[in-house]
Amino acid sequence: MSLFTTTYDVIVVGGGHAGSEAAAASANMGAKTLLITMNLQNIAQMSCNPAMGGIAKGQIVREIDALGGYSAIVTDKTAIQFKMLNKSKGPAMWSPRAQSDRMQFAECWRNMLEQTENLDFYQDSVNGLIFDGNMIVGVKTNLGLEIKAKSVIVTAGTFLNGLIHIGEKTFGGGRAGEGASTGITEDLVAKGFESGRMKTGTPPRVDGRSLDYSKMTEQPGDDNPEKFSYLPVTSPLQKQRSCYLTYTNQTTHDLLREGFDRSPMFNGRIKSTGPRYCPSVEDKINRFADKERHQIFVEPEGWNTVEIYVNGFSTSLPEDIQDKAIRSIPGFENVKFFRYGYAIEYDYFPPTQLKHSLETKLIENLFFAGQINGTTGYEEAAAQGLMAGVNAALKTQNKEPFILKRSEAYIGVLIDDLITKGTEEPYRMFTSRAEYRTLLRQDNADLRLTPKSFKLGLASQERMNRVEEKQQKTEITIQFLKDLSVSKEEINPILELKNLASINQSMKLYKIAARPQLTFNDLLVIEKLNDFIYQNNIDKEIIEQVEIHLKYSGYIEKEKNNADKLNRLENVPIPSNFDYTKVKSLSYEAREKLTKIKPTSISQASRISGVSPSDVSVLLVFMGR
């Protein structure tokens, strides 16, 4: 089968986290897919920190897994440490995070992609897009090949006209040691797309043998680590590697300030916006001048390497300043550098130019995913890649797009935020961005999303069977607790141990178990409950579901009702050719924003900044509601 004569269903441009998930999803949906990347050795490379998950990001990784993506499986197979963050808070805030072995991570991704049917690979740089009117029909490569496709997904990461800055030095590149990609931006701008520039940065990598860990605080993984994937193909870690914590100090800050006049961030050479929630160290000491110290996380890059990622010290200051300043941090006095930190500027396309399916509004069958849409982070990129892969495949099969609502997934929140509000700075997901976070927990992503994905043909029968079993066992356990009466003789010793009010007559265990101070484990001394758990093979995952139901069902129900109310507005469509200039009672700002973004429903219109509740009422009247 020749590249010169084949027309692919889907071509994916770029092999980062977005491109890898896009290629896997599209191929697994039955679409003949080609992944084109500049270097096949760097598929799904962790360009920045060697970790997956974290606050809200961990929920996204579990959602990708529930939908049938690969990120969670790869993370589990290559993890060196696992932590469940925010365990002291309610379950809506629990967020899984894993440190990964950087080299194993990329290797595992490549192996999984190579075992995926319908997926071809080609190493080359795409430097042009081929259009037929307002439709994409293929791509042009650096070697001069024209490869035809029914749809194209661009996941170019930081490579589009990438520019690397270290102090006063600037050179083209998409990542250290790799060239930039040119041509795509120019083709898109010629077609009427609006583009912008963003910045991100990365810290130095250093030799772990040159650090003094006795001056730092050890940060081990969880005592009983969990894992990301819902499938049994992966297992929790049996052994883990620790990270370490240290801090900058006033001396560090003074030494860093010495380089400010040579910093591309402060002397005007970098004009684009960097990530607000992951600022460079020079930005931190400038913006938070009153803070005496900042955290530095010392993260190993793998099981068998001495390379260390200095999390919290992202910088583009000159090498001599980086060298001097980092030595003032406890434990880094004799540090040896593997690589200096740098900043990178790259092109992105404001995501208000996209539909909910991640297809562009201007060009049919052209999809964008990842940092090209103004996001930051592996997890956000992978989620968009998966959704773009699914929707590109569905488009070639003449099927309706697959869209997740804000009440159904963090992925739904992410995409809706991007296309409705746009972003002026690299977008990062937080739990606070999700108004339904009690519904969108990391523990129930499979229950929420696997049935939808199974219907599409992406999630496997095995995944669906596991979800049905989880649902069934959760329900029978809750029913058992509702039916089982316990005597005061059985329960009062447990309550007294916890300093809780005792009972003076028999009571249903369901009611007692709902007390916030009691855990399910406290109740396992009750013989009938213990027997039931054993006989029905009720595992830790089911017990967690039951416990969340017992303690939070009131809040969950309330949030479901709120979501249902808003979803009714989701069902009030706005025609795509609707002329807002005719609606004189809309505010001028609302008319301008609505015309630009073209929301598909009243609900989406209500989330556009500048559209007030009175504007929404006007639209509802206009739509006959």
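Look up: the structure comes first, before these words.
Residues numbered from 1 in each chain as written. Predicted model: local features only at pLDDT ≥ 70, side-chain atom pairs only at ≥ 80, totals over all residues. Heavy atoms only, no water.

### Describing the overall build of the protein chain
At step 1: What the protein chain contains, in helices and strands, is 20 helices and 22 strands.
At step 2: Radius of gyration (C-alpha) of the protein chain: 26 Å, near the 25 Å computed for a compact globule of 625 residues.
At step 3: With respect to the three principal axes, the spread of C-alpha positions in the protein chain is 80 × 70 × 55 Å.
At step 4: Taken across its 625 residues, the protein chain has 58% of its residues classed as buried.
At step 5: Sequence separation of at least 24 residues holds for 73% of the intrachain contacts in the protein chain that already meet a minimum separation of 6.
At step 6: Side-chain charges in the protein chain split into 76 positive and 76 negative, and the spacing between the mean points of these groups amounts to 3 Å. (Helix = DSSP H or I, 4+ residues; strand = E, 2+ residues; numbered from the N terminus. Rg over C-alpha atoms; globule rule 2.2 N^0.38 Å. Buried < 20%, exposed > 50% of the residue type's maximum accessible area, 1.4 Å probe, protein only. Contact = heavy atoms within 4.5 Å. Lys, Arg positive; Asp, Glu negative; His and termini not counted. Charge placed at Lys NZ, Arg CZ, Asp CG, Glu CD.)

### Digging into the packing of helix α12 (residues 461-483) against helix α17 (residues 540-570)
At step 1: α17 packs onto α12 with a crossing angle of 55° between their chain directions and a minimal axis gap of 9 Å. Comparing the axis directions of α12 and α17 gives the class oblique. Here α12 runs over α17; the crossing is right-handed. For the pair α12 and α17, contact is made by Lys 470, Lys 473, Thr 474, Thr 477, Ile 478 and Leu 481 and by Glu 541, Ile 542, Gln 545, Val 546, His 549 and Leu 550, respectively.
At step 2: Its residues assigned to classes, the contact of α12 with α17 shows five nonpolar, four polar and three charged. (Axes fitted to C-alpha atoms, helices over the stretch in contact; angles between N-to-C directions. Parallel < 35°, antiparallel > 145°, perpendicular 65-115°, else oblique. Left-handed = near helix turned anticlockwise from the far one by under 90°. Nonpolar A, V, L, I, M, F, W, Y, C, P; charged D, E, K, R; others polar.)

### Here's the deal with the pairing of strand β16 (residues 295-300)
At step 1: Bridge count for strand β15 (residues 243-247) against β16 is four bridges, and the pairing is antiparallel. Considered in β16, the bridge of Thr 246 is made with Ile 296.
At step 2: Between the end of β16 and the start of strand β17 (residues 307-311), which pair antiparallel, lie six residues. (Pairing = 2+ DSSP bridges.)

### A closer look at unusual backbone geometry
At step 1: Unusually for a residue other than glycine, Ala 44 sits at a positive phi of about 50°.
At step 2: Following the sequence through the fold, Ala 44 ends up in the loop between β2 (33-37) and β3 (51-53).
At step 3: Judged by its relative accessible area of 0%, Ala 44 falls in the buried class.
At step 4: Located in the positive-phi region is Asn 537, a residue other than glycine, with phi close to 55°.
At step 5: Structurally, Asn 537 can be placed in the loop between α16 (527-535) and α17.
At step 6: A relative accessible area of 56% means that Asn 537 is categorised as exposed.

### Quick notes on the packing of helix α2 (residues 57-67) against helix α9 (residues 378-396)
At step 1: Close contact between α2 and α9 brings their axes to 9 Å; oriented N to C, the two are set at 25°. Accordingly, the angle class assigned to the pair α2 and α9 is roughly parallel. Regarding α2 and α9, the two cross each other, and that crossing is left-handed. Contact residues: Lys 57, Ile 60, Val 61, Ile 64 and Leu 67 in α2; Glu 379, Glu 380, Ala 382, Ala 383, Leu 386 and Met 387 in α9.
At step 2: A class-by-class count of the residues in the contact of α2 with α9 yields eight nonpolar, no polar and three charged.

By themselves these figures say nothing about function.
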